[in-house]
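Per-entry structural report
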Amino acid sequence: MLALSPTRTRITPADSQIRHRLTDFFDWCADFPNIPEITTLAQTVSNWRYELATAVRTGASNAKSEGHNRIVKLVARIAFGFRNPLNQRRRVRYAATRAGRRHPSQPVANSQAP
């Protein structure tokens, strides 16, 4: 079902395609009724089917915010020994904005043409 996402295909999937993929998934789950994990997964997908269909239809994701949260938690754990909370916050901010800064070896673009 996730393979239908517009972020992968560049085409918004039809509702019938999403329903077909969900039906295939539930049919696959029905082949393994004695595995409790698959039964639980099928129940969870069934409970969230409208939200999942909307996510597949729109291609919306919270992956960026989850990635930033992971970085913040990791750096905060590493910086736990700092006695000054301001330094700890600075270290977290530095790590979370690392991608937005240019690398020191990159040349600065000259705004005046020779």
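These figures come from a predicted structure and were not determined experimentally.

1. Considerations on the overall build of the protein
The helix and strand inventory of the protein stands at six helices and zero strands. When the helices and strands of the protein are placed in sequence order, the string is α-α-α-α-α-α. The burial tally for the protein puts 15% of its 114 residues in the buried class. Considering only contacts in the protein between residues 6 or more positions apart, those separated by 24 or more positions represent 37%. Here the protein displays about 9500 Å² of accessible surface, and carbon together with sulfur accounts for 58% of that area.

2. A word on the pattern of salt bridges
Using the criterion set out here, one finds one salt bridge in the structure. Residues Asp15 and Arg57 are paired through a salt bridge, measuring 2.8 Å at the closest nitrogen-oxygen approach. Separated by 42 residues along the polypeptide, Asp15 in helix H2 (residues 15-30) and Arg57 in helix H4 (residues 49-58) bring together distant segments of the chain. For Asp15, a relative accessible area of 38% puts it in the partly exposed group. For Arg57, a relative accessible area of 31% translates into the label partly exposed.

3. Focus: the packing of helix H3 (residues 36-47) against H4
Running from amino to carboxyl end, H3 crosses H4 at an angle of 70°, the nearest separation of the two axes being 4 Å. With respect to their mutual orientation, H3 and H4 come out roughly perpendicular. Between H3, through Val45, Ser46 and Asn47, and H4, the contact on the second element is made entirely by Arg49, Glu51 and Leu52. Looking at the contact of H3 with H4, its residues break down into two nonpolar, two polar and two charged.

4. Points about the nonpolar core
The biggest cluster of nonpolar side chains holds six residues, and these are Leu4, Ile18, Leu22, Val45, Ala53 and Val56. Among the elements of the structure, H2 and H4 are those that each provide at least two residues to this core. Not counting residues up to four positions away in its chain, the partners in contact with Leu4 are Thr9, Ile11, Pro13, Gln17, Ile18, Arg21 and Val56.

5. Some thoughts on the environment of Leu22
By secondary structure assignment, the location of Leu22 is in helix H2. With a relative accessible area of 10%, Leu22 lands in the buried category. Separated by 24 residues in sequence, Leu22 and Ser46 place their C-alpha atoms 8.9 Å apart. Once you skip the residues sitting within four places of it in the chain, Leu22 turns out to touch Met1, Val45 and Arg49.

6. A short note on the confidence of the model for the protein
Counting all residues, the mean pLDDT for the protein is 80, and 82% of those residues have values of 70 or more. At the low end of the mean pLDDT range in the protein sits helix H6 (residues 85-96), at 77; at the high end sits H3, at 95.

Calculation notes
- Just so you know, the residues in each chain are numbered from 1, in the order the chain's sequence is written.
- Totals for whole chains, interfaces and linings use every residue, but because this is a predicted model, local features are given only for residues with pLDDT of at least 70 and side-chain atom pairs only at 80 or more, for both listing and counting.
- Here the side-chain values reflect all heavy atoms present in the structure, with hydrogen atoms and water set aside.
- Working definition: helices are DSSP H or I runs of at least four residues, strands are E runs of at least two. Numbering for both runs from the N terminus.
- Note on exposure labels: buried denotes an accessible area under 20% of the residue type's maximum, exposed denotes more than 50%, and partly exposed covers the range between, all computed with a 1.4 Å probe on protein chains only.
- Contacts: residue pairs with any heavy atoms within 4.5 Å of one another.
- What sets the accessible areas is the Shrake-Rupley method with a 1.4 Å probe; for residues, cover comes only from the shown protein chains.
- Here, a salt bridge means any Lys or Arg side-chain nitrogen found within 4 Å of an Asp or Glu carboxyl oxygen.
- Here the axes come from fitting lines to C-alpha atoms, over the contacting stretch only for helices, and the angles between their N-to-C directions go from 0 to 180 degrees.
- Note on angle classes: values under 35 degrees are labelled roughly parallel, values over 145 roughly antiparallel, values of 65 to 115 roughly perpendicular, and the remainder oblique.
- As a working rule, the residues Ala, Val, Leu, Ile, Met, Phe, Trp, Tyr, Cys and Pro are called nonpolar, Asp, Glu, Lys and Arg charged, and the rest polar, with Gly in that last group.
- Nonpolar cores were defined as sets of buried Ala, Val, Leu, Ile, Met, Phe, Trp, Tyr and Cys residues, with membership established by side-chain atoms within 4.5 Å.
- Values of pLDDT, which run from 0 to 100, indicate the predictor's confidence residue by residue.

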